[in-house]
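Each chain is listed here by its residues.
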Amino acid sequence: MRCTCSQDKCNAFTVCKAWSNIMTHPSSWKDTEVRCESGTSVPDRYSALLPLVRNLKLRMCLTDPANRKTALWVLQQAVARGDGRMEGLSICCEGNTPLFYAGQDLQQGLVDILTNGSSLTVLDLKGVPFTLSDSFVRSVAMLCPALQSLYINNHSLVCGVNAETLKQVLKCCQSLSVLGVFQASLSQDVFKDLMFPERPALKKLELRCERSLKYTVPLCDQIWLELKLRHPRLWVELELDHTLPELHVPGVLQPSIPVRCLRLLTWTLLLDEVRIVRQSYANTLEVLELQTIPSPELNSELIALAKQCVKLQEVHCYCVVSQEVITAFFTNCPNLCRFTLKTHKEPHPWTSTKLK
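Remember, predicted model here, so these are calculated numbers, not experimental data.

**Student:** Can you help me understand helix H11 (residues 271-280) in this one?
**Tutor:** One turn of the α-helix equals 3.6 residues, which is why residues spaced by three or four share an orientation. Every buried residue of H11 is accounted for by Glu273, Val274, Val277 and Arg278. Projected down its long axis, H11 shows its buried positions confined to an angular sector of 135°, all on one face. Close packing links the buried residues of H11 with helix H10 (249-252), strand S10 (259-268), strand S11 (287-292) and helix H12 (296-308).

Spelled out as structure tokens, the structure:
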């Protein structure tokens, strides 16, 4: 098993004695990424240095169970031996997920480690591929009351967190101001809790919209308007994936949502949706991503969108468009800094172009 921190840190130890001494200073380990993958054993020096980490990004290959075991060991060293001083944790899983693997060992292992005490203010689980259970999320909320940012909007096939669990999270984590969830986890009661006078300002809401929305009550525009009035600085990131039934897409795109980032990853015709976007989000939209089907009608809608959504900083369209579309975005969006707009098909993956 190989456990590697950033290559620069590994190399710095071996340069000279002075550099080695510098690399043992807490500031050198404040923000650290650790990768757990096949290879040799964990160097002994990391065991003593991991407690210095304040913000840990943990990457692991799920294929080998030993990788998961090592990742939990790393986390144990950073959390338990660090006297509860670790503030941020991000977990990303790489490689093919084993068949029928549901992540119980990682979820239970994380809960067991956090039981010893936690001062986490940021927990990012967007990079795990398995469904996060209600019991796991409730346990994390109770063990990490200082959380200010929580991301559980990962790319599992279904949403495993219900609205009652989300209400419990808000009750336990009174300082929460950034939240990433499945939209299926939201309800009018959750919105009411978010609008309590004693709650801090809600800064950011990331929502993943997928097939589970078929079984929930749609959120009306009025409740979004009330939330926006209570939290005037709130901005929302919406991601609609290909499993969301096409008939449910217009119901998600309520006009009062302060959408700053919108990802329509549906691979369906999006003419009506693009029209809704330019009519409803012209004053807020900064990032737009589309996975759709090319057509002359789409070109016309994108040109109209470019003329209205002038605050766009990024636009990514994963189907071919006309040169007129590209010209429209260049002409009307002065803040545009990155784009993926192609007039001809290219080999996958398409690369974006950076302007500034």
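**Student:** Looking at this model, I keep getting lost on the nonpolar core. Mind explaining?
**Tutor:** Inside soluble globular proteins, nonpolar side chains tend to come together where they are buried. In this structure, Trp224, Leu238, Leu262 and Phe329 are the most contacted members of the largest nonpolar core, which totals 108 residues. Top contributing element to this core by residue count: helix H4 (residues 65-79), with six residues. When near neighbours in sequence (up to four residues on either side) are disregarded, leucine 262 contacts Leu238, Leu240, Leu253, Val277, Leu285, Val287, Leu288 and Glu289.

**Student:** When you look at helix H7 (residues 163-172) in this model, what are you seeing that I'm missing?
**Tutor:** For H7, every residue scored as buried is listed here: Ala163, Thr165, Leu166, Val169, Leu170 and Cys172. On its buried face, H7 sits against helix H6 (134-143), strand S6 (149-151), strand S7 (178-182) and helix H8 (188-194). Capping of H7 at its N-terminal end is provided by asparagine 162; its side-chain oxygen lies 3.2 Å from the backbone amide nitrogen of glutamate 164.

**Student:** Any chance you could explain the pairing of strand S9 (residues 235-240) here in plain terms?
**Tutor:** Working note: regular strand, side chains alternate between the two faces of the sheet. The element S9 is extensively covered by neighbouring structure, given that five of its six residues are classed as buried. As paired elements, strand S8 (residues 204-209) and S9 share six bridges and run parallel to each other. Note on S9: the bridge partner recorded for leucine 205 is valine 236. Sheet topology note: the S9/S10 ladder contains five bridges and is parallel. When the bridges of S10 are listed, leucine 240 appears paired with leucine 264.

**Student:** Looking at this structure, how should I read the packing of H4 against helix H5 (residues 104-114)?
**Tutor:** Relative orientation of the contacting elements H4 and H5 amounts to 15°, with a least axis distance of 10 Å. The orientation of H4 with respect to H5, classified from their angle, is roughly parallel. In terms of crossing hand, the pair formed by H4 and H5 is right-handed. Here Arg68, Leu72, Leu75, Gln76 and Val79 of H4 come into contact with H5, specifically with Asp105, Leu106, Gly109, Leu110 and Ile113. Considered class by class, the residues forming the contact of H4 with H5 number six nonpolar, two polar and two charged.

**Student:** Which parts of the structure should I look at to understand the pattern of salt bridges?
**Tutor:** Two side chains bearing opposite charge may form a pair once their charged atoms approach each other closely. With the rule as written, the count across this model stands at 16 salt bridges. A salt bridge links glutamate 94 to arginine 59, with the shortest nitrogen-to-oxygen separation between them at 2.8 Å. Of the two residues, glutamate 94 is situated in strand S4 (residues 88-94) and arginine 59 in strand S3 (residues 55-61); the sequence distance between them amounts to 35 residues. Relative accessible area serves as the criterion here: at 19%, arginine 59 is assigned to the buried category. Measuring nitrogen to oxygen at the nearest pair gives 2.8 Å for the salt bridge that ties arginine 208 to aspartate 241.

**Student:** How should the packing of aromatic side chains be read in this particular structure?
**Tutor:** When we look at a pair of aromatic rings, we describe it by the centre distance and by the angle of the planes. If you walk through the whole model with that rule in mind, you get four aromatic pairs. The interplanar angle of 90° and the centroid separation of 4.9 Å between the aromatic rings of phenylalanine 191 and tryptophan 224 together place this pair among those described as edge-to-face. On the criterion of sequence distance, the pair formed by phenylalanine 191 in helix H8 and tryptophan 224 in helix H9 (residues 221-230) is long-range, its members being 33 residues apart. No difference in accessibility class separates phenylalanine 191 from tryptophan 224, as the two residues are buried. Geometry around tyrosine 151 places lysine 126 over its ring, the cationic atom sitting 4.9 Å from the centre.

Calculation rules
- Residues numbered from 1 in each chain as written.
- Predicted model: local features only at pLDDT ≥ 70, side-chain atom pairs only at ≥ 80, totals over all residues.
- Heavy atoms only, no water.
- Buried < 20%, exposed > 50% of the residue type's maximum accessible area, 1.4 Å probe, protein only.
- Helix = DSSP H or I, 4+ residues; strand = E, 2+ residues; numbered from the N terminus.
- Arc of directions from axis to C-beta.
- Contact = heavy atoms within 4.5 Å.
- Core = buried A, V, L, I, M, F, W, Y, C linked by side-chain atoms within 4.5 Å.
- Polar contact = N/O pair within 3.5 Å; in protein donor to acceptor, adjacent residues only side chain to side chain.
- Pairing = 2+ DSSP bridges.
- Axes fitted to C-alpha atoms, helices over the stretch in contact; angles between N-to-C directions.
- Parallel < 35°, antiparallel > 145°, perpendicular 65-115°, else oblique.
- Left-handed = near helix turned anticlockwise from the far one by under 90°.
- Nonpolar A, V, L, I, M, F, W, Y, C, P; charged D, E, K, R; others polar.
- Salt bridge = Lys/Arg side-chain N within 4 Å of Asp/Glu carboxyl O.
- Phe/Tyr/Trp six-rings, centres within 6.5 Å; stacked < 30°, edge-to-face > 60°.
- Lys NZ or Arg CZ within 6 Å of the ring centre and 35° of its normal.

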